[in-house]
Amino acid sequence: MRVRVLVLGATLVIVTVVLVGNLLGFSQHQFATVDQEANEKDVYLDVFAVSSPTREVLLDAAVGRGISRDSYFRGENTPDDVLAMERPFLLKNYKNPCWHEADGNKTLRCLPYFHLMGVCKSGTSDLWNRMTKHPEIATPNAVMNKETHWWSWRRFGFDIWSQGDEIRHFDWYLSHFDSPARKIEKTVIEKDGMEYHPIITGEGSPTVFWDLTGWDRIPQNKDKTPEDAYLTPHCIKHLTPDAKLIVIFRDPTKRMYSDYLFLDIFKHEHNLSVEGFHQDVRRSIDMLDDCYSRRTQLACLMDKELHMRIPVRLIVGMYDIFLEQWLKVFPPNQILVMTNEEYSLNLRTHLEGVYKFLGLSPLPDDEMERIIALPRFYETKNGKELGPMLEKTADLLNDFYSKHNRQLSMRFNNHSKFLWSTKP
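Residues numbered from 1 in each chain as written. Predicted model: local features only at pLDDT ≥ 70, side-chain atom pairs only at ≥ 80, totals over all residues. Heavy atoms only, no water.

### Considerations on the pairing of strand β11 (residues 200–203)
Okay, so step 1: Neither face of β11 is open: one carries Ile200 and Gly202, the other Thr201 and Glu203, and all of them are buried.
Okay, so step 2: Sheet analysis places strand β5 (residues 114–116) next to β11, joined by two bridges and oriented parallel. When the bridges of β11 are listed, His115 appears paired with Glu203. (Buried < 20%, exposed > 50% of the residue type's maximum accessible area, 1.4 Å probe, protein only. Helix = DSSP H or I, 4+ residues; strand = E, 2+ residues; numbered from the N terminus. Pairing = 2+ DSSP bridges.)

What follows is the structure, given as structure tokens:
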């Protein structure tokens, strides 16, 4: 099947897509807040009812490990089974996916209308800062009013270099959108003779696109391989099938160096050097090659242990691999792709493209000019002190990413914009 993907600054894209959403047997369910068999204090989640053929199997296994039934159904010791959650009955006069809880107060709860899902060190913070100046976007109560990292990390108890941290449950995630939900509820216009709520909310966790390492914590993946597993795209689509997805790519070689400089601020020891970066790149490539010799490519790229041990995050820049996973689940017209290079050269065109993609009202010229004139939101400072990467490192990274860039370019009708080649 030949289909089109939305790309800013490029011709229409031809890709081959296998849509697998129907494999999950999704259906529209009436919204419920508690398990009918449990007391309110014993519910697995206080938001959605759970109904899954794996439910009792998982419970038996949990009890066998010494976990009480009550504790298990509160979800304290295991990630939430998102694919077993019944989809809420969404309010038709709200543009954003929102519903009323059956709590007596009809509290409005909302999930994101859109995700700016990546990638790290490619301009997501700057894009977010500008695009959310639109009055029809309400930002979440999250890190930088942008990031929860729930889909990629928090729901599994992960962080960048750790696993086994406190698991954050769906009610924790949902609470980030309570503030925008109040704004969404209060903002009313007339549309087609009825009250309509036009405000939307979203989130911008830049790890969502590429970090799929929690796949083996998803109950439905028992006995599955990474190649046929249910992943984050399936989970997001299960709850919000019409979600809009935005991704911004950057020359992966330059992205890699920026990432190396940025992540130093989170380390106990600070040993930045251009030669050190070169050696870390070499060791990372050797680690991936060793993994490939024993396992499939996707199994390596979705291995949390490897993500934690690898010296630099080469994996993030393998855009073609991860885009393929999202295109297996979401129709191409729900994914907007742009590059950092073209975005930086023409902010207005790209912002207008984002607003159109999200179905937002056009802004007056003076307001657009004000947004465009904003200073860059964030730039990695360490690079100015350290200087450019070594030429031999740029050559090594260019060679490593070349096959992935070619594959990405092929998805976009062989567009040269994705054939980056860095010169230090």
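So much for the structure itself; the text now carries on.
### Focus on the state of the cysteines
Okay, so step 1: Counted according to the given criterion, the structure contains two disulfides.
Okay, so step 2: Between the sulfur atoms of Cys98 and its disulfide mate Cys110 the distance is 2.1 Å. Residues Cys98 and Cys110 are joined by a disulfide whose S-S torsion is about 105°; by sign, that bridge is right-handed. Separated by twelve residues along the polypeptide, Cys98 in strand β3 (residues 98–100) and Cys110 in strand β4 (residues 108–110) bring together distant segments of the chain. By the burial criterion, Cys98 is buried, and Cys110 matches it.
Okay, so step 3: Note on cysteine connectivity: Cys291 is disulfide-linked to Cys300, with sulfurs 2.1 Å apart. Judged by the sign of its S-S torsion, about -100°, the cystine formed by Cys291 and Cys300 is left-handed.
Okay, so step 4: Note on Cys300: relative accessible area 0%, which makes it buried.
Okay, so step 5: Sequence-ordered numbering of the bonded cysteines in the chain yields a pairing of 1-2, 3-4. (Disulfide = S-S within 2.5 Å.)

### Quick word on the pattern of salt bridges
Okay, so step 1: What the rule picks out here adds up to 20 salt bridges.
Okay, so step 2: The residue Arg283 makes a salt bridge to Asp280 at a minimum N-O spacing of 2.2 Å. You can see Arg283 and its partner Asp280 sitting in helix α8 (residues 274–294), three residues apart, about one turn around the helix.
Okay, so step 3: On the basis of relative accessibility, which here comes to 43%, the residue Arg283 falls in the partly exposed class. (Salt bridge = Lys/Arg side-chain N within 4 Å of Asp/Glu carboxyl O.)

### Side note on the environment of Asp216
Okay, so step 1: Within the element layout of this structure, Asp216 appears in the loop between β11 and α6 (232–239).
Okay, so step 2: Counting along the chain gives ten residues from Asp216 to Pro226, while the straight-line C-alpha distance between them is 8.3 Å.

### Concerning the environment of Arg255
Okay, so step 1: Following the sequence through the fold, Arg255 ends up in helix α7 (residues 252–263).
Okay, so step 2: Separated by 61 residues in the primary sequence, Arg255 and Val316 place their C-alpha atoms 8.9 Å from one another.
Okay, so step 3: Not counting the four nearest positions on each side in its chain, Arg255 is found in contact with Val119, Cys120, Lys121, Ser122, Arg250, Arg313, Val316, Gly317 and Tyr319. (Contact = heavy atoms within 4.5 Å.)

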